[in-house]
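# Fold and geometry: a report
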Amino acid sequence: MNHLRRIFLKFYLLFADSKVEAELEREIGAHLALLEDEYLRQGMTSEDARRAARLAYGGVEQAKQLHRDERGFQGLSQILQDTRYTVRLLRKSPGFTVTAILMLALGIGATTAIFSIVEAVLLRPLPFPDPDRLVTLGDEVEGLHCASCAHSSVTAPDIRNYMRDTQSFSHLGGYRGRLFELSGAGDPAAVNGTRMNGEVFAALGVPPLLGRTFTQKEDEEGQQVAVLSYGMWQNRFHGDANVLGSKILLYRKPYTVIGVMPRDFEFPLNPGHANQSEFWLPLSLQPEEFTAGSAASWNAHMVGRLKPGIAAEQAQSDANRVAQQTIRDYPDYMRSLRMHAVVTQLQEDTVRLARPLVRTLFFAVIVVLLIVCANLAGLLLVRSIRRRREIAVRLALGARAGTLLRQALLENMVLSIAGGAIGLTLAAVALRVGVSLLPQTLPRINEIGLDWRVMLFALGLALLTGFLCGLAPAFAAIRTSVNETLKEGGRSGASGSGHARLRSALVVGEIAVALTLLTASGLLLRSFEKMRDVELGFRPANTLAALYVLPQQRYATQPAIDELTKNLLNDLRQLPGADAVGITSFLPAAGNNWGIAFVIEGYVPPEGAALNMASMSLVDGDPFEALGIRVLRGRVFTESDNASSQLVAVVNRKMAEHYWPGQDPIGKRLRRGLPETSTPWMTVVGEVDDVKLGPADTETMAQVYQPVTQTVASEGPLASAGELSATDGWIVLHSRMDPEQMEDTLRATMRQIDPQLPLYQLQTMEHAISKSEAPRRFNTVLISSFAIAAVLLSVLGIYALIAFSVALREQEMAVRIALGCQRSGVILLILNSGVRLAAVGCGLGLLGAVAASRLLRSLLFEVSPFDPGVLAFSAIAMLLLAMAASALPARRGSSADPMMALRGE
Amino acid sequence: MSNKEKESIQLLQGTLDLIVLRTLATMGPQHAYQIATRLQQISDRLLNLNQGTLYPALVRLEQYGWIKGIWGRTASNREAKYYEITKAGQRALKEETQGWRRMSALVERLLLEES
């Protein structure tokens, strides 16, 4: 109790010391007076009495110091005193202080912002209990080289088999995300939802916020129940606590709401903002999903929780056993397919594709921070050189080196903590604005923010930065030789060669890392340019696109569907300004699809070759005209290619060149499936240009087009009983008018045909392309802005260095000029010293660029990480900038007044 | 500060508090000079200390809340800070005294056995 009181008082006195000090002074004074009185009484003279009193009392200052040591925490109070001193000093040089703090704030702010992305996307454990026990289970189909497949996938029969026959999982379930038409209240809308087994909720282990989740039993019974996300509950039900029991209409089928998940629950962990599941329904696999083509469609995913004590490898071999049985049971039409099971940590599966981008960003921002550090260290060095005399005097007066070191470090800490605080604010602002600009390829975006880990990181970073930046100048300061410095007197000669070397090294380092970043940025810009140059294979101008999906409830038969499609095409064609209208199952630029397997007549694949995969677009109307896809050979489809006529196909150039190199593809035949699948042949009637279905920087796939009316016939045994075709599609409309004006017309036309049918993702093709370019644009812009910051900072660094050394050598320059040196000679001399540093820095920087190439390679497109043009351009730009930065001080140096040399001393 | 002096202070650390408390308990409010004089009397000048060395003990005891300083006037009408023992100080004195007795008895026994 009393001890606590004392500790508190000792802390308190750190801040209220002056009163106590005054009181002590008074008390000592009184004490001395009493002693003096006593000695006077003993008959001493007043002079003697005073001396005797002092003697009896002992050293007044020592007593005071003992008192201070006893009453307060002296170490702390010393630091506090030093801090006050530092702040006072810093306030005296506001230019330096503001520059240093702003630089630190920018460096720390940028690093913190990027780190918060790294932390949320890569480092933070998944938001489920015991996340490292969660795994995904998927098939790797042999011969299917699917680089763009983000997540391992399974078929419907796989889900059944794995769930039934594996023993390594305490819970295991399958899920499939898709777009749903949500109707009922207000306009119908397209909403992302996920069908999943009841077991998935059990595996994830997150309890609902309201109500309950559905069970595996309900799933198997096909109950029409739904669990809402927090977002959907808030937005569509206004957070109504009585939402349980109400109904939502999905594709016009009613589902009862039985639960609401907590705010931070997100599953599947899809990249981007827009793709998050808004509700969860039972998977309730239908019988037809186990047969025909559905059994060979890898369009679902599985997630499970490992049983305690079971490792992922064990689970994988367990699942593989089941997979081998599944293969033995494959129906005849897919007998030759081989695959094996792969078990991956859910965390790994989630972040794999995002990793290169996030790592590169972090690397870039660290480079900027390093340059900030080097610049700051340079500034501090200059400061300590300026203060050499002061330091020498203090050393001469008996200041301990430790004290000087402590004060130097403290100064940096004050700077860096101030910079860190401002930086953190900047980061908070940047994140608030910036998260919405993040590319849709990053998962877990909603979790990005400044949490305590990020704060801790920023604080640690600030302290570390301050410490490291301050170390060199601090040691430089205490190494100051008292004699030398004082002997130099008022002369500001070319002093401190050791410091100059240190500063040069800093500037060389800065230029090196800045150049590394500059080349990275150059390579990315070049990649972006290359992407813009890619022949997309279609004409985006004046073209509108929109997706529709027909609800089975309303369009249950093929004639009903065909009638809608026919009306739609007819009505759109008659719109004023409409040039060409078509429907296609895959929209160029909107996203890759992994395609289906084909058999090519007469094509003998080389040993161990991949499956013959091609993307299959089902079309109606005139999509080739509407999209401006060039016909290279033969013809495209007409009205007469229908369900009852000969099966036909159009292939793209890549397909033709791959399977029939040097031949005319017209008249060649191909069919769906594997060799053992007894599907009918389709005859190639035309060849068209390659079209980019995904972003322009992805590989073009082999493509096959088919009239949608012939789908079922061409599928043979792959078609399930009663299969409907043309249940969804992208409308593509090319017009002579401004496409944005056509948007309303398109919507109105659709409303006339079916007032309840919503159009999704209505957009111009230009917009679709821009969206597909967004991820690359994002990293290019961000890394380029880092590079610009880095280059500016390093140029500033070289400028400061040269300017300072010129200032120091002003007299030397004056003497040179006085002795007859030409001014141009002086300029050359100074320029030379700047360029020499820059050249060394550039050499190192190019090495750095080579070292960074591995990191960067995955982000480049059609550009080698050693692209000589980019490397040379960056290096030359850097050199020129360095030269420009040295030119200003050089001019000043050359204008040194020779009279100064004579008068100066 | 001489080494000898430092030793004396260290020696005193534990006992000085006790002596000050005891002095204030028996003699009523005292100022630092009086306490120092008293200290010299009872130590019979064995501990020849500067009077200033008393101050850390005073501030320590005050921070513990065992004594309280109040400004007053001496008989010769000089101002002086009088220290007074508090209730908590009385309790502490009792505890410290007992502790000290136990300790000194222990040391005494130890020394007896050894001789």
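Within any chain, residue numbers begin from 1 and follow the written order of that chain's sequence. Each chain takes a letter, starting from A, and each ligand takes a number, starting from 1, following the order in which they are written. The model is predicted, so local features are restricted to residues of pLDDT at least 70 and side-chain atom pairs to those at 80 or more, both for listing and for counting; the totals for chains, interfaces and linings are taken over all residues.

### Things to note about the overall build of chain A
Secondary structure counts use DSSP, requiring at least four H or I residues in a row for a helix and at least two E residues in a row for a strand, with both numbered from the N terminus. Along its length, chain A carries 28 helices and 21 strands. The buried share among the 905 residues of chain A stands at 45%. Neighbour density around each residue's C-beta defines its exposure: 20 or more other C-beta atoms within 10 Å make it buried, 12 or fewer make it exposed, and counts between make it partly exposed, where C-beta atoms are placed from the backbone.

### Structural notes on the overall build of chain B
Tallying secondary structure elements over chain B gives four helices and three strands in all. Each helix (α) and strand (β) of chain B, taken in turn from the N terminus, gives the series α-β-α-α-β-β-α. In chain B, buried positions account for 27% of the 115 residues. We call two residues in contact whenever the C-beta atoms placed from their backbones are within 7 Å. Nonlocal contacts in chain B, meaning residues at least 24 apart in sequence, comprise 52% of its contacts between residues at least 6 apart.

### Remarks on the interface of chain A and chain B
Facing 22 residues of chain A, the contacting portion of chain B comprises 21 residues. Only α1 (2-15), α2 (17-41), α3 (46-57) and α4 (60-71) of chain A provide two or more residues apiece to the side of chain A that touches chain B.

### Considering the sheet that holds strand β2 (residues 67-73) of chain B
Residues and elements named next belong to chain B. Here, strands pair whenever DSSP counts at least two bridges between them. The three strands are arranged β1-β3-β2 in an open sheet whose pairing can be described as antiparallel. Edge positions in the sheet fall to β1 (30-31) and β2, since each has one partner strand and no second. Relative to strand β3 (residues 79-85), β2 is paired through seven bridges, and the arrangement is antiparallel. Its bridge partner being in β3, Gly-72 is matched across the sheet by Ala-80.

### Concerning α2(A)
Working note: α-helix, 3.6 residues per turn, so residues spaced by three or four point in the same direction. Expected helix span is computed as 1.5 Å times (number of residues minus one). Look at α2(A): 36 Å from first C-alpha to last across 25 residues, which is about the 36 Å you get at 1.5 Å a residue. In this structure, the buried side of α2(A) is in contact with α3 and α4 of chain A together with α2 (32-42) and β3 of chain B. Positive phi appears at A:Gly43, one or two residues downstream of α2(A), with a value of about 100 degrees.

### Considerations on the pairing of strand β14 (residues 613-621) of chain A
All names here are of chain A. The element β14 is largely enclosed, with a buried count of eight among its nine residues. Judged from the three bridges that link them, strand β12 (residues 578-584) and β14 form a sheet pairing that is antiparallel. Its bridge partner lying in β14, Ile-583 is registered against Asp-620. Across two bridges, strand β13 (residues 596-600) lies against β14 in antiparallel orientation.

### Some details on α2(B)
Those residues of α2(B) not exposed but buried are B:Ala32, B:Tyr33, B:Ile35 and B:Ala36. One side of α2(B) holds all its buried residues, which, seen down the axis, span an arc of 165 degrees. Working definition: the arc comes from the directions between the helix axis and the C-beta atoms, pointing outward to the latter.

### Focus on the confidence of the model for chain A
A score between 0 and 100, pLDDT records how confident the predictor is in each residue. Looking at chain A as a whole, the pLDDT averages 83, with 94% of positions reaching at least 70. Taken together, the stretch residues 490-494 of chain A has pLDDT below 50 and engages in six contacts with residues farther than four places along the chain or on a different chain.

### Some details on the confidence of the model for chain B
Residues and elements named next belong to chain B. With 81% of its residues at a pLDDT of at least 70, chain B reaches an overall mean of 81. When mean pLDDT is compared element by element in chain B, β3 scores highest at 90, while helix α1 (residues 3-27) scores lowest at 71. Overall fold confidence for the complex sits at a pTM of 0.69, while the interface term, ipTM, reaches 0.85.

### Some remarks on the pairing of strand β17 (residues 669-672) of chain A
Looking at chain direction, β13(A) and β17(A) are connected through three bridges and run antiparallel. The partner of A:Phe598 across the bridge, within β17(A), is A:Arg672.

### Details of the nonpolar core
Residues and elements named next belong to chain A. Within the largest apolar cluster, 172 residues are counted, with the highest numbers of intra-cluster contacts made by Val-368, Ile-511, Ala-790 and Ile-798. Not counting residues up to four positions away in its chain, the partners in contact with Ile-511 are Ser-794, Ile-798, Ala-838, Gly-841, Cys-842, Gly-845, Met-878 and Ala-882. By definition, a nonpolar core groups buried Ala, Val, Leu, Ile, Met, Phe, Trp, Tyr and Cys residues that connect through C-beta atoms lying within 7 Å of each other. Counting 57 residues, the second largest nonpolar core, distinct from the first, contains Phe-214, Leu-250, Ala-295 and Trp-298.

### A closer look at the environment of A:Gly673
All names here are of chain A. You can see Gly-673 is positioned in the loop between β17 and β18 (682-688). Each C-alpha atom, one on Gly-673 and one on Glu-715, is 8.2 Å from the other, the two residues being 42 residues apart in sequence. Residue contacts for Gly-673: discarding those within four places in its chain leaves Tyr-333, Ala-597, Val-599, Thr-679 and Leu-718.

### Focus: the packing of helix α6 (residues 94-123) of chain A against helix α15 (residues 401-434) of chain A
Residues and elements named next belong to chain A. Close contact between α6 and α15 brings their axes to 6 Å; oriented N to C, the two are set at 45 degrees. Taken together, the axes of α6 and α15 lie oblique to each other. Between α6 and α15 the crossing geometry is right-handed. Class assignment of the residues belonging to the contact of α6 with α15 gives a composition of 14 nonpolar, eight polar and no charged. Fitted lines through C-alpha atoms serve as axes, helices being fitted only where they are in contact, and the angles separating the N-to-C directions of these axes extend from 0 to 180 degrees. Angular relationships are summarised with four words: roughly parallel below 35 degrees, roughly antiparallel beyond 145, roughly perpendicular across 65 to 115, and oblique for the angles in between. Helix crossings are classified by the rotation of the near helix relative to the far one: an anticlockwise turn of less than a right angle makes the crossing left-handed, while a clockwise turn makes it right-handed. For this classification, the nonpolar set comprises Ala, Val, Leu, Ile, Met, Phe, Trp, Tyr, Cys and Pro, the charged set comprises Asp, Glu, Lys and Arg, and every other residue, Gly included, is treated as polar.

### Describing unusual backbone geometry
Residue and element names in this part refer to chain A. Along the chain, Phe-267 connects to Pro-268 via a cis peptide bond; the corresponding omega equals -10 degrees. Tracing the chain through its elements places Pro-268 in the loop between β7 (253-260) and β8 (279-282). The phi torsion at Ser-284 lies on the positive side, around 35 degrees, for a residue other than glycine. Note on placement: Ser-284 falls in the loop between β8 and β9 (301-306). The phi torsion at Asn-542 lies on the positive side, around 55 degrees, for a residue other than glycine. Topologically, Asn-542 is positioned in the loop between α18 (497-533) and β11 (543-549).

### A closer look at the environment of B:Tyr64
Mapped onto the fold, B:Tyr64 is located in helix α3 (residues 54-64). Along the chain, B:Tyr64 and B:Ala92 lie 28 residues apart, while their C-alpha atoms are 9.8 Å from each other. Not counting chain neighbours up to four residues away, the residues in contact with B:Tyr64 comprise A:Asn2, A:Arg5 and A:Arg6.

### A few points about the packing of helix α13 (residues 355-386) of chain A against helix α26 (residues 823-857) of chain A
All names here are of chain A. Packing of α13 against α26 brings their axes to within 9 Å, and their N-to-C directions diverge by 145 degrees. Residue-level inspection shows Arg-359, Thr-360 and Phe-363 of α13 in contact with α26, the latter providing Ala-852, Leu-855 and Leu-856. Along the lines of polarity and charge, the residues of the contact of α13 with α26 split into four nonpolar, one polar and one charged.

### Digging into the environment of A:Ser153
Residues and elements named next belong to chain A. Turning to its location among the elements, Ser-153 is positioned in the loop between β1 (134-141) and α7 (156-165). According to the C-beta neighbour criterion, Ser-153 is buried, with 22 such atoms within 10 Å. C-alpha of Ser-153 to C-alpha of His-301: the two residues are 148 residues apart in sequence and 4.7 Å apart in space. Not counting the four nearest positions on each side in its chain, Ser-153 is found in contact with Gly-138, Asp-139, Trp-298, Asn-299, Ala-300 and His-301.

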